[in-house]
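One-letter residues, chain by chain:
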Amino acid sequence: MDVDIVCVGFGPAAGGFLTTLGRELVNPDGTPKLESAVVPGMPPQVICYERADDIGFGVSGVVTRARGIRQTFPDLDPSQIPLATPVKHEKVLYLLDPIGASRRSAAVRVADKLIRAFKWALPIEEEALELPYIPPYLRKEDGLLLSIGQFNQWVGSRLMTEGTVQLWPGTPVAKPLIENDRVVGVRLLDQGTDKQGHPEAGYTPGMDIRAALTVVADGPVGAVGRQLDERFGMPEDHHRRDWAVGMKMVVNLPEDCALEPGTVLHTLGYPEPEIFGFLYVYPDRVASLGIFVPSWFDSPIRTAYRYLQHWMLHPYMWRYLQGGTLRSWGAKTLQESGRRGEPHLVGNGYARIGEGSGSTNVLTGSGVDEAWTTGAQLAEAVIELLKARKAFTQENLEAAYVKRRRGSWVESEGRIAEKARDGFQRGVMTGLIGMAIAGATKGRLSLPVKLREPSEHLPGFDAYYNGRIPPAEVASIRRQCAAAGTSAHSALMDRAGWPAIPHDGKLLVSHQDALLMGGKVQAPAGYADHINFLYPQLCEACGSRICIEICSGQALTPGTSGVPSFDREKCIHCGACVWNCPTSHPEDPERSVIEFCAGAGGLHSAEN
Ligand SMILES: Cc1cc2nc3c(=O)[nH]c(=O)nc-3n(C[C@H](O)[C@H](O)[C@H](O)COP(=O)(O)OP(=O)(O)OC[C@H]3O[C@@H](n4cnc5c(N)ncnc54)[C@H](O)[C@@H]3O)c2cc1C
Ligand code: SF4
Ligand code: SF4
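Residues numbered from 1 in each chain as written. Chains lettered and ligands numbered in written order. Predicted model: local features only at pLDDT ≥ 70, side-chain atom pairs only at ≥ 80, totals over all residues. Heavy atoms only, no water.

A. Quick look at the pairing of strand S11 (residues 182-188). Counting buried positions over the 7 residues of S11 gives 5, a clear majority of the element. Alignment of strand S10 (residues 173-179) against S11, held across 6 bridges, turns out to be antiparallel. Its bridge partner lying in S11, Lys 175 is registered against Arg 187. When S11 meets strand S14 (residues 208-216), the two strands line up antiparallel, connected through 3 bridges. Counterpart to Gly 185 in the pairing with S14 is Arg 210. (Buried < 20%, exposed > 50% of the residue type's maximum accessible area, 1.4 Å probe, protein only. Helix = DSSP H or I, 4+ residues; strand = E, 2+ residues; numbered from the N terminus. Pairing = 2+ DSSP bridges.)

Have a look at this one:
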């Protein structure tokens, strides 16, 4: 099939692109403003494919200054978007460890002792210190709280009503089509195959969609963007070594909860000092909350689910949450290298927007508005090129899109943030100091720290539990868990002093129940598995099996052959296994040995 423009993925970046472009394709009387090259006499044919089975897919708490979004919708009325509300109160809290199980460095322990010693003089409540000052770069005053799922759905519904562009959910894009170093479109995923991708009854090979311009908006771990990186490489000194998995819940707060709509709480310090948390309050006593587990967390026990529950149980949070109920749940990767993880933004026949293009700002903790804005910038560039009847060559896209982006706040703020978090490579305290320096000097100064690859962050289990659990016992626990076909983190955390989670069947539920209660996990038959272990022999020799520990959906479990077994009925497409795997791809040290392909299904909740 031939179209003029094909877009991969429907998140905020594609939302900004399609909304801005769609307005310039047709005159109010329905006649074309611009003409299609593939259907003469008609407006340009624009089609967007989204992997997930609805357009409201998304996993993100969202507090945003919404500058780009408001530029697109100058008369934006938040009450028109379900759950949206203006930001009212912001707090940053340092959470002390109330139970003594957290693994704290000497510097953090000293800080904790000082805070406790001066308790009488400090704003401490329920084992949490409210920081007296929020740096301007973190503040989101005048901003909005959004549910990403509801926002995407609101944007998507407007686009569908206007009808100038087409949205196709439930349609994963398998790969870019590349001819002579020019991207000429995309190929959709084969249907009617077994899990290994072999044709079965009803086999339909993925259709080729040829287009003059392919817009890649597939987010932090998108399969199409990754294939472009493999083919065209990254710009010099650019790499993606900083990641996080964000796990979140949307909850009904208890009736007597004192938190007002518009409240924004950001936390650090607990359950491990490396784990940051957030709670945003929407209208009608609904809240979005979650934590981030970063790639620089030097631990082989990287579990987001159990840590999220301990975070919720911290006395400061629990007094607001106790009695609440889970509405939805999810997890997703964040590409935290930001500007430094920027790939080639354009090439002949393609352009990249959104988080996969390095737009996320790790200093301001903001990705939605940046993604939206890069999409809108590309749309303006495309309109300019279409009006001038210029081809979508690398040169023309550089002049029209990249130049716009370089001249914008996304670029200038991305530059400030570029090295802001390097200090975290040496621990939390150094990281916070580095952020403060970069923020205060607008990025002119930063800590001179070499960025390690994720694989270099992993201490062995014995080293991590040194002094807490004897090595023989660690080995025995891991053996027992492997024999039972489960990950080991929960048993090891129990043994290291983390209390059992008091499941209440409403908010504190088992990981498996979260999969059932938190949204709908779908894994339609007829598609190949989207997680592949490229070098089984390397998995067999792997000491950490951290892909199993981090897995957000318990979709990866110890396999009988030594290679993890994958159950796509539980995979929520968070992408965390890919960058957590510490084993480098033999041909590319920046890649791991897990391949994350385009796939159907996943966990969807319109409220996330
Ligand atoms: C827990 C969490 C909390 C966050 N909190 C905030 C916050 O408070 N404020 C903020 O500004 N940002 C926040 N972010 C970051 C923000 O969500 C992202 O920066 C933003 O969603 C990026 O938008 P995007 O359009 O580039 O990518 P995405 O939102 O990732 O959208 C990409 C889309 O492409 C689809 N896709 C991928 N591959 C394919 C394929 N092969 N075929 C078809 N479709 C495909 C995906 O399904 C997805 O829908 C948070 C993120 C997380 C995980
Ligand atoms: S995918 Fe990576 S982490 Fe998982 S078993 Fe294989 S080598 Fe180990
Ligand atoms: S297997 Fe699926 S759910 Fe598990 S970490 Fe990988 S992408 Fe996430």
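Once you've had a look at it, read on.
B. Local environment of the pattern of salt bridges. Throughout the structure, instances matching the rule amount to 28 salt bridges. Put simply, Asp 208 and Arg 187 hold a salt bridge, and the shortest N to O gap is 2.6 Å. With Asp 208 in strand S14 and Arg 187 in strand S11, this pair connects stretches of sequence that are 21 residues apart. Exposure remark for Asp 208: the relative accessible area of 26% places this residue in the partly exposed category. Of the charged contacts in the structure, one is a salt bridge between Glu 411 and Arg 415, with a shortest N-O distance of 3.3 Å. (Salt bridge = Lys/Arg side-chain N within 4 Å of Asp/Glu carboxyl O.)

C. Representation of the sheet that holds strand S4 (residues 85-86) in the model. Taken together, the 3 strands give an open sheet; going across it, the order is S3-S8-S4, and neighbouring strands pair in antiparallel fashion. Each edge of the open sheet is held by one strand with a lone partner, namely strand S3 (61-64) and S4. Bridge analysis of S3 against strand S8 (residues 144-147) gives 4 bridges, and the strand direction is antiparallel. Across the sheet, the residue bridging to Thr 64 is Leu 144, located in S8. With respect to the sheet, helix H4 (residues 148-162) is in contact with S3 and S8, its orientation differing from that of S8 by roughly 80 degrees. (Contact = heavy atoms within 4.5 Å. Axes fitted to C-alpha atoms, helices over the stretch in contact; angles between N-to-C directions.)

D. Up close: the environment of Val 449. Looking at the element boundaries, Val 449 is found in the loop between helix H11 (428-440) and helix H12 (461-464). The exposure class assigned to Val 449 is buried, which follows from its relative accessible area of 13%. C-alpha separation for the pair Val 449 and Gly 434, spaced 15 residues apart in sequence, amounts to 9.7 Å. Beyond its immediate stretch of four places on either side in the chain, Val 449 contacts Asp 422, Gly 423, Gln 425 and Arg 426.

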